[in-house]
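Letter by letter, the chains look like this.
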Amino acid sequence: PAGSGLMGSFGEGMPQVLGVAELGLSATGLVGWQLLHDRLTQENGVRATALAPPGRLFLAVASEGGENVPALDGRLAGLWKGALRPASSAEVAAAAHRCLAVLYGDTAQAAARAAAAAFLPTLPTQAELLGIDVAQVNKTISALPPWERLTRFARGASPPVPDQSGRKGSVRKSRSPRRRGR
């Protein structure tokens, strides 16, 4: 399932794949990011993090291991598809509360919020986070592309090439010309 969006170097080594999706920079985007992060990181060996260049919000999903890059990419495609399922109101509320704790928690988190303010010019208020609309979060999540259309980077083992040593060639051998009797 390694699609056209997969870039990287293939050869030896442990397979590693990283996919990146952009979410809207808003309270809905932040809660959607948290929800996807929570769902994806429940899986063994899957990591997710935020990338927030000024004015934008990305979710980076990474994993390593498995037989080869296409197998790992296929595993992540399945996990991504499952993560994009509609969220319940309880899931959205839990994700909103986690965002609230990160942005408006203790002194250390308040310092982190102040530092992040330069990168998140639309920092949501507590009221926006607690009043988040489940339908809007589901709309944000459902608008994300399938895994195969995300920008993805990989390195590591490619799939084994099938052994063709016992296979007959595809060119038909002609018979040697017979000498006709004289």
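Residues numbered from 1 in each chain as written. Predicted model: local features only at pLDDT ≥ 70, side-chain atom pairs only at ≥ 80, totals over all residues. Heavy atoms only, no water.

Asks: Looking at this structure, how should I read the overall build of the protein chain?
Replies: Tallying secondary structure elements over the protein chain gives 6 helices and 5 strands in all. The linear arrangement of helices and strands in the protein chain, starting from the amino end, is β-β-α-β-β-α-α-α-α-α-β. Of all 182 residues assigned to the protein chain, the portion counted as buried reaches 36%. Looking at the protein chain alone, contacts between residues at least 24 apart form 79% of all its contacts between residues at least 6 apart. Taken as a whole, the protein chain presents about 11100 Å² of accessible surface, with 55% of it coming from carbon and sulfur. (Helix = DSSP H or I, 4+ residues; strand = E, 2+ residues; numbered from the N terminus. Buried < 20%, exposed > 50% of the residue type's maximum accessible area, 1.4 Å probe, protein only. Contact = heavy atoms within 4.5 Å. Areas by Shrake-Rupley, 256 points an atom, 1.4 Å probe, with all protein chains shown as cover.)

Asks: Honestly, the pattern of salt bridges in this entry has me stumped. Any pointers?
Replies: Two side chains carrying opposite charge are able to pair once their charged atoms lie near each other. Counted by the stated rule, this structure contains 5 salt bridges. Arg39 is paired through a salt bridge with Glu91; the nearest N and O atoms lie 2.8 Å apart. One end of the pair, Arg39, is in helix α1 (residues 27-40); the other, Glu91, is in helix α3 (residues 89-104), with 52 residues separating them in the sequence. The exposure class of Arg39 is buried, given its relative accessible area of 8%. Taking the shortest distance from any N to any O, the salt bridge between Asp73 and Arg152 comes out at 2.9 Å. Of the two residues, Asp73 is situated in helix α2 (residues 69-83) and Arg152 in strand β5 (residues 151-157); the sequence distance between them amounts to 79 residues. Among the residues examined, Asp73 registers a relative accessible area of 0% and is labelled buried. By relative accessible area, which is 0% here, Arg152 ends up buried. Here the salt bridges share partners, and the residues they tie into one network are Arg39, Arg85 and Glu91. (Salt bridge = Lys/Arg side-chain N within 4 Å of Asp/Glu carboxyl O.)

Asks: I'm lost on the environment of Ser63 in this one. Help?
Replies: If you trace the backbone, Ser63 turns up in strand β4 (residues 57-64). For Ser63, a relative accessible area of 1% gives the class buried. When the C-alpha atoms of Ser63 and Thr41 are compared, they prove to be 10.0 Å apart, with 22 residues separating the residues in sequence. Polar side-chain contacts of Ser63 include one of 3.5 Å to the side chain of Arg75. (Polar contact = N/O pair within 3.5 Å; in protein donor to acceptor, adjacent residues only side chain to side chain.)

Asks: Got a minute to help me understand the nonpolar core in this structure?
Replies: In globular proteins that are soluble, nonpolar side chains generally tend to be buried together. By size, the foremost hydrophobic cluster in this structure holds 40 residues, and its most contacted members are Val31, Leu36, Leu59 and Trp80. Elements with a minimum of two residues in this core: β2 (16-23), α1, β4, α2, α3 and α6 (134-142). (Core = buried A, V, L, I, M, F, W, Y, C linked by side-chain atoms within 4.5 Å.)

Asks: Please clarify how α3 should be interpreted in this entry.
Replies: Residues spaced three or four apart along an α-helix point in a common direction, a consequence of the helix completing one turn every 3.6 residues. Between the first and last C-alpha of α3 there are 22 Å, a value that for 16 residues agrees with the 22 Å anticipated at 1.5 Å per step. Regarding α3, the residues found buried are Val92, Ala95, Ala96, Cys99, Leu100 and Leu103. Looking down the long axis of α3, one finds its buried residues gathered within 145 degrees of arc, a one-sided arrangement. Where the residues of α3 are buried, they touch α1, α4 (107-116), α5 (126-130) and α6. (Expected span 1.5 Å × (residues − 1). Arc of directions from axis to C-beta.)

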